[in-house]
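Take a look at the letters that make up each chain.
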Amino acid sequence: MAARFLCRNVGVFQLHRTATRLTRARFCSHTEPEPLTLRQQSDGIRRIVLNNPRKRNALSLSMLESLRENILTDVDSEELRVIIISAKGPVFSSGHDLKELTSTQGRDHHTKVFHTCAEVMTLVQDIPVPVIAMVNGVATAAGCQLVASCDIAVATENSTFATPGVNVGLFCSTPAVAIGRAVPRKKAMEMLFTGSPISAHDALLHGLISKVVSEDRLEEETLAIARRVCQSSRPVVALGKATFYRQMAQGRDAAYATASKVMVDNLALTDGQEGIRAFIEKRRPVWSHTAEKAHD
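You'll find the protein chain entered in an unreviewed UniProt entry as Enoyl-CoA hydratase domain-containing protein 3, mitochondrial, with Takifugu bimaculatus given as the organism. In UniProt, the protein chain has this text filed under Subcellular location (unreviewed entry): "Mitochondrion".

Take the packing of helix α2 (residues 61-72) against helix α3 (residues 107-126) next. For the pair α2 and α3, interaxial distance at closest approach is 10 Å and the crossing angle is 30°. Taken as axis vectors, α2 and α3 run roughly parallel relative to one another. Note that α2 runs across α3; the crossing there is left-handed. Mapping the contact onto sequence places Leu61, Leu64, Glu65, Leu67, Arg68, Ile71 and Leu72 in α2 and His109, Lys112, Val113, Thr116, Cys117, Glu119, Val120, Leu123 and Val124 in α3. Taken together, the residues of the contact of α2 with α3 break down into ten nonpolar, two polar and four charged.

With that out of the way, let us pick up helix α6 (residues 185-194). Burial in α6 covers these residues: Lys187, Ala188, Met191 and Leu192. On an axial view of α6, the arc spanned by its buried residues comes to 130°, and they lie on one face. Summarising the geometry of α6, the exposed residues directed more than 90 degrees from the buried face are Arg185, Lys186 and Phe193. Buried-residue contacts for α6 involve α4 (142-149), β8 (160-162), α5 (173-179) and β9 (198-199).

What follows concerns the pairing of strand β3 (residues 82-87). Most of β3 is tucked away, with five of its six residues classed as buried. Where strand β2 (residues 45-50) meets β3, six bridges bridge the pair, whose relative direction is parallel. Within the sheet, the bridge partner assigned to isoleucine 45 lies in β3 and is valine 82. Each parallel crossover has a hand, and the one from β2 via α2 to β3 is right-handed.

Here we come to the packing of aromatic side chains. Applying the stated criterion across every chain yields a total of two aromatic pairs. Measuring from ring centre to ring centre gives 5.8 Å for phenylalanine 171 and phenylalanine 193, while their planes differ by 55°; the resulting arrangement is tilted. Taken together, the residues span a long stretch of sequence, with phenylalanine 171 in the loop between β8 and α5 and phenylalanine 193 in helix α6 at a distance of 22 residues. By relative accessible area, phenylalanine 171 is classed as partly exposed at 33%. Between phenylalanine 244 and tyrosine 245, the aromatic rings sit 5.5 Å apart at their centres with planes inclined by 80°, giving edge-to-face as the arrangement.

Rules and cut-offs
- Per chain, residue numbering runs from 1 following the sequence as it is written.
- Where totals are concerned, whole chains, interfaces and linings use all residues; where local detail is concerned, this predicted model gives features only for residues with pLDDT of at least 70, and gives and counts side-chain atom pairs only at 80 or more.
- Values shown for side chains rest on all heavy atoms present in the structure; no hydrogens or waters enter the calculation.
- UniProt positions are given in the numbering used here, feature names are shortened, and annotations may be inferred rather than shown by experiment.
- Axis definition: a line fitted to C-alpha atoms, limited for helices to the stretch in contact. Angles are taken between N-to-C directions and run from 0 to 180 degrees.
- Only DSSP runs of H or I reaching four residues or more are called helices, and only runs of E reaching two or more are called strands; each is numbered from the N terminus.
- The cut-offs work like this: below 35 degrees is roughly parallel, past 145 is roughly antiparallel, 65 to 115 is roughly perpendicular, and the gaps in between are oblique.
- Crossing handedness follows the turn of the near helix against the far one: under a right angle anticlockwise gives a left-handed crossing, and clockwise gives a right-handed one.
- Throughout, a residue-residue contact means that at least one pair of heavy atoms, one from each residue, lies within 4.5 Å.
- Basically, the charged four are Asp, Glu, Lys and Arg, the nonpolar ten are Ala, Val, Leu, Ile, Met, Phe, Trp, Tyr, Cys and Pro, and anything else, Gly included, counts as polar.
- The cut-offs for exposure are 20% and 50% of the maximum accessible area for each residue type, with area from a 1.4 Å probe on protein chains only; residues under the lower value are buried, those over the upper are exposed, and the others partly exposed.
- Working note: the arc is built from the helix axis to C-beta atom directions.
- Strand pairing is assigned whenever DSSP identifies at least 2 bridges connecting the two strands.
- If you view a crossover with the strands going away from you and the path from the first strand over the helix to the second runs clockwise, you call it right-handed.
- Each pair of aromatic rings taken from Phe, Tyr and Trp, with Trp reduced to its six-membered ring, is defined by centres within 6.5 Å and is described as stacked if the planes are under 30 degrees apart, edge-to-face if over 60, and tilted in the remaining cases.

Pasting the structure below:
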């Protein structure tokens, strides 16, 4: 009797343990997917990482919306001084997700994709802090557009850049907006008409990126630039960034008129006067990092 009772209970225990394992397996299989972008911030530097390497960090609508959110979060905070955009995996970004661009998705969806993409690209240049692309790998189509849209771009020697849309019947017209403003016209047209990739060194030669470094120095070199930005006054940097893009869209005379007025506005800032006093007094400036006006 005792033996039968023991065997029966051992069997019940084993069934319970098996059921528990199955329950755990089912629970684990329904875990939340990883976020498309990752964000962290420390010492004024925000790191945003494209986090979908299995899909070559394609700029799907969801990825673009996630990127937009991570750029905009507390963007006016005095604590934020610079943003670095990088990516996981061997591809920085392969551009738009072509599965979203089939006829089954419809014209309205296509319009939303390109509207959101344009919004993100202009946002990169319109926010008050510098944005740095940290590129290690391939950047094509809208991925190349993102690099061209950033204020500064640091890339590894093995990185490549291309606008291959023409090869799949979709000319890279929106990437051309950013690329055509970053590189000479004839080089931009060569990239757009052939779709052929250019090396990091060619990208540097033609102004698409700012610096080429070895892979083991990418993080160090990019952070060095970001930390140098953090040493300057936030409102002065913000004013300078906004003015640069504004005057670049103007003719020469209008650009000088714009820039001259902004120089006077800059001098009216507390940090503008603090910087000049510090230089005269041979000391380090103490920035307020606010847009307060200096007293007359």
